[in-house]
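Each chain, letter by letter, is given below.
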Amino acid sequence: GGRCAAMAEGEELISVNYEVSGKVQGVFFRKYTQAEAKKLGLVGWVQNTSHGTVQGQIQGPTVRVRELQEWLRKVGSPQSRISQAEFSNEKKITALEHKDFQIVK
């Protein structure tokens, strides 16, 4: 069987970097982000920065990545207070560059 020339919109793979600021350290933010990403079938990583934010990268099907972006913007972990979520360096990718979603120390 021949594959359809173009994947359906939303099934394309994208990669995007993120940085979330607010009260996001010491509130299990990384653990919850990892759990949410795994639930959505996404790969990438998350880490605390020295300036009090959480940053990382998400890769997966566009529609799923959008869901996690929304979660990072509005939900986060139960005790977190998100003031801002910034996304950068979004690009289409042909294959995932990570095996799973890891918490980087």
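On a predicted model such as this, the values are computed, not experimentally measured, just so you know.

Colleague: I'd like to hear about the UniProt feature "active site" (unreviewed entry) in the chain, residue by residue, with values.
Modeller: Taking the numbering used here, the UniProt-annotated feature "active site" (unreviewed entry) corresponds to Arg30 and Asn48. Taken along the chain, the residues just named run across 19 residues; in space they keep tight, none of their C-alpha pairs more than 7.8 Å apart. Position of Arg30 relative to the elements: it lies in helix H1 (residues 29-40). By the secondary structure assignment, Asn48 is in strand S2 (residues 43-48). Overall, Asn48 belongs to the partly exposed group, its relative accessible area being 27%. Not counting residues within four places of it along the chain, the set of residues in contact with Asn48 comprises Val24, Gln25, Arg30, Thr53 and Val54.

Colleague: Any chance you could break down the environment of Tyr18 for me, citing the residues and the numbers?
Modeller: Summarising the element assignment, Tyr18 is placed in strand S1 (residues 13-23). Residues Tyr18 and Thr94, spaced 76 residues apart in sequence, show a C-alpha to C-alpha distance of 20 Å. The residues touching Tyr18, leaving out its near neighbours within four places in the chain, are Thr33, Trp45, Val46, Val54, Gln55, Gly56, Gln57, Ile58, Leu72, Glu86, Phe87 and Phe101. Polar contacts involving the side chain of Tyr18 include one to the main-chain carbonyl oxygen of Trp45, which spans 2.9 Å.

Colleague: Requested: an account of the sheet that holds strand S3 (residues 54-61), with residues and values cited.
Modeller: The strands making up a sheet associate through hydrogen bonds between their backbones, and the pairing can be parallel or antiparallel. In spatial order, the strands read S4-S1-S3-S2-S5; together these five strands make up an open sheet with mixed pairing. Lying at the two open borders of the sheet, with one neighbouring strand each, are strand S4 (81-93) and strand S5 (101-103). Each adjacent strand pair in this sheet contributes to an overall mean axis angle of 15°, direction not counted. As paired strands, S2 and S5 are joined by three bridges and run parallel to one another. Each bridged residue has a counterpart across the sheet, and for Trp45 the counterpart in S5 is Gln102.

Parameters and conventions
- Residues numbered from 1 in each chain as written.
- Predicted model: local features only at pLDDT ≥ 70, side-chain atom pairs only at ≥ 80, totals over all residues.
- Heavy atoms only, no water.
- UniProt positions renumbered as here; feature names shortened; annotations may be inferred.
- Helix = DSSP H or I, 4+ residues; strand = E, 2+ residues; numbered from the N terminus.
- Buried < 20%, exposed > 50% of the residue type's maximum accessible area, 1.4 Å probe, protein only.
- Contact = heavy atoms within 4.5 Å.
- Polar contact = N/O pair within 3.5 Å; in protein donor to acceptor, adjacent residues only side chain to side chain.
- Pairing = 2+ DSSP bridges.
- Axes fitted to C-alpha atoms, helices over the stretch in contact; angles between N-to-C directions.

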